[in-house]
Amino acid sequence: MRKYLLFKDLGPNDLPTLKQLTTNEICKVWAGTSKYIRKQLVEKKAVDIGIGTFALVLVHAKVGEDKVLPVERPVFQLCRFMKKFYKLQCAKTKIPKETPFCQLDFQQIGADIHFRPEIVEQCIHETLLFFAGAIQDKREVEFSFRSVGILAVRRSVVSMTFFDNCLLELDTTGNMHTALLGGPCCYVSEDPYCPPHLRRKAYAEELKERLYEKEVLQEERCQSAARQTAFKGQAELHLLGRAWGGKQEKRRLLERQWKAQGLPVIPRSCQLSCCTTDTPAAGTLVITAATTVSRIPSHKGERAK
């Protein structure tokens, strides 16, 4: 509105209510105001706050290289008088004509936060005056709307960044979640005037999330490989145990057979070499530690010489 077009600098007496309120009380007023704005957006109403209008519009989100999804997202349309008066730049936004408009309801906001409506009205008005004064002085400003987003003015460029939870709640198409996770090629009405510090912050958060997912995937792969190695080792130990048990059984059978035939028992020092072979075939020479040479009979009735 035109009352925020300042032709002179603000003086100490221009903000009497803000001087009387504490910082926590001012934040409480704007928290209630942000809650009211979000509630009206859920009901698909546009809200005029004096310096601009919040509304919900249907846009198209680009996901990937050739996929486009319709989504509903909130926008902020700066007052055209302020834009022209302060020579500001902002993204072009068009609110549909059929969208119902409403003003801030100071009575309802005051009832929610237990403040008098006139205090709420004056606090909001003087805060917006202070915001306009900062723009007039060419200062960089960030105006935070709790649970809605951040309105930023940097180098005469205005941008509005909405929080993810707000975008997800206001979208009724069900495509916003896919659009937000669409990767680096995804944008939802991308704002060409987005401040560089917000772009860097968003990129850093996205990169951090990707690195975390990569670390989790690598850790899962390492754990899977370790489990497979442990299982393989247990299987090999089991097979070795079975093989060793089978060799011990073969040794006992050979000892009983040699005792039955009156042959000397194999000493302990030679058990390992004897047990590493299968049962000797007929006619095979068996060498003991005492250099005794014996021949295993080729037939059951033949004796060893």
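Whatever comes next refers back to the structure up there.
Here is what the cut-offs are and how they apply
Residues numbered from 1 in each chain as written. Predicted model: local features only at pLDDT ≥ 70, side-chain atom pairs only at ≥ 80, totals over all residues. Heavy atoms only, no water. Pairing = 2+ DSSP bridges. Helix = DSSP H or I, 4+ residues; strand = E, 2+ residues; numbered from the N terminus. Axes fitted to C-alpha atoms, helices over the stretch in contact; angles between N-to-C directions. Buried < 20%, exposed > 50% of the residue type's maximum accessible area, 1.4 Å probe, protein only. Arc of directions from axis to C-beta. Polar contact = N/O pair within 3.5 Å; in protein donor to acceptor, adjacent residues only side chain to side chain. Parallel < 35°, antiparallel > 145°, perpendicular 65-115°, else oblique. Left-handed = near helix turned anticlockwise from the far one by under 90°. Contact = heavy atoms within 4.5 Å. Core = buried A, V, L, I, M, F, W, Y, C linked by side-chain atoms within 4.5 Å. Patch = residues over 30% accessible without salt bridge, like charges linked within 9 Å, V, L, I, M, F, W, Y side chains within 5 Å. Areas by Shrake-Rupley, 256 points an atom, 1.4 Å probe, with all protein chains shown as cover. Salt bridge = Lys/Arg side-chain N within 4 Å of Asp/Glu carboxyl O.

Visitor: Looking at this structure, how should I read the sheet that holds strand E5 (residues 141–145)?
Guide: Either a parallel or an antiparallel arrangement is found when strands of a sheet pair, and the pairing is made through backbone hydrogen bonds. Strand order across the open sheet formed by three strands is E5-E6-E7, with antiparallel pairing between neighbours. Both edges of this open sheet fall to E5 and strand E7 (157–162), since each of them pairs with a single strand only. Each adjacent strand pair in this sheet contributes to an overall mean axis angle of 15°, direction not counted. Pairing between strand E6 (residues 149–154) and E7: six bridges, direction antiparallel. If you follow leucine 151 over to E7, its bridge partner there is methionine 160.

Visitor: Before we go on, may I ask you to explain helix H4 (residues 106–113) in this structure?
Guide: Of the positions making up H4, those classed as buried are Ile109, Gly110 and Ile113. When H4 is viewed along its axis, its buried side chains cluster within an angular range of 95° and face the same direction. Facing away from the buried surface of H4 by more than 90 degrees, the exposed residues are Gln107 and Ala111. By the N-cap criterion, in which a side-chain oxygen at the helix start approaches the backbone nitrogen of a residue two or three places on, H4 is capped by aspartate 105, the distance to glutamine 107 being 3.2 Å. Following H4 by one or two positions, histidine 114 has its phi on the positive side, about 65°.

Visitor: Would you mind going over the packing of helix H2 (residues 23–42) against H4 with me for this structure?
Guide: Angle between the axes and distance between the axes are the two parameters that describe a pair of packed helices. With their axes 9 Å apart at the nearest point, H2 and H4 run at an angle of 120° to one another. Taken as axis vectors, H2 and H4 run oblique relative to one another. Where H2 crosses over H4, the two elements pack in a sense that is right-handed. Counting all contacts with H2, which are made through Lys28, Val29, Gly32, Thr33, Tyr36 and Lys39, the residues of H4 involved are Gln108, Ile109 and Ile113.

Visitor: Would you take a moment to explain the nonpolar core for this structure?
Guide: The tendency in soluble globular proteins is for nonpolar side chains to be buried as a group. Membership of the largest hydrophobic core comes to 61 residues, with the highest contact counts inside it found for Ile49, Ile51, Phe54, Met82, Phe145 and Leu151. Sort the elements by how many residues they give to this core and helix H5 (residues 117–136) lands first, with nine residues. Residues contacting isoleucine 51, with those up to four places away along its chain left out, are Tyr4, Phe76, Leu78, Cys79, Met82, Leu128, Phe131 and Leu151.

Visitor: What's the story with a nonpolar patch on the surface in this structure? I'm lost.
Guide: On the surface, Leu168, Leu180 and Leu181 cluster together into a nonpolar patch covering about 260 Å² of accessible area. Within the element layout of this structure, leucine 181 appears in the loop between helix H7 (176–180) and strand E8 (187–188). Using a relative accessible area of 57% as the deciding quantity, one classes leucine 181 as exposed.

Visitor: I tried to follow the pattern of salt bridges on my own but got confused; where do I start?
Guide: Oppositely charged side chains may form a pair once their charged atoms are brought near each other. Tallying each qualifying case throughout the model produces seven salt bridges. A salt bridge links lysine 45 to glutamate 43, with the nearest nitrogen and oxygen atoms 3.6 Å apart. With a relative accessible area of 40%, glutamate 43 lands in the partly exposed category. Note that glutamate 72 and lysine 44 form a salt bridge whose closest N and O atoms lie 3.1 Å from each other. Of this pair, glutamate 72 sits in strand E3 (residues 67–78) while lysine 44 sits in the loop between H2 and strand E1 (46–48), and the two are 28 residues apart along the sequence. Three or more residues are tied together by salt bridges with common partners; here these are Glu140, Glu142 and Arg154.

Visitor: Mind showing me how you'd approach the environment of glutamine 136 here?
Guide: Mapping glutamine 136 onto the fold places it in helix H5. According to the relative accessible area criterion, glutamine 136 is partly exposed, its value standing at 22%. Put simply, glutamine 136 and lysine 87 are 49 residues apart on the chain and 9.9 Å apart in space, counted from C-alpha to C-alpha. If sequence neighbours within four positions are ignored, glutamine 136 has contacts with Leu6, Phe7, Lys8, Asp9 and Tyr86.

Visitor: Teacher, can you tell me more about the pairing of strand E2 (residues 52–63) here?
Guide: Consecutive side chains of a regular strand alternate in pointing toward one face of the sheet and then the other. Here E2 lies mainly inside the structure; nine of its 12 residues are buried. In the sheet, E1 pairs with E2 via two bridges, with the strands oriented antiparallel. Each residue of the ladder has a partner; that of aspartate 48, found in E2, is threonine 53. Where E2 and E3 come together, 12 bridges link them in antiparallel fashion. Counted as the bridge partner of alanine 55 is valine 75 from E3. Taken together, E2 and the strand that follows it, E3, pair antiparallel across an intervening segment of three residues, in which glycine 64 is found at a positive phi of about 75°.

On their own, these measurements won't tell you what the molecule is for.
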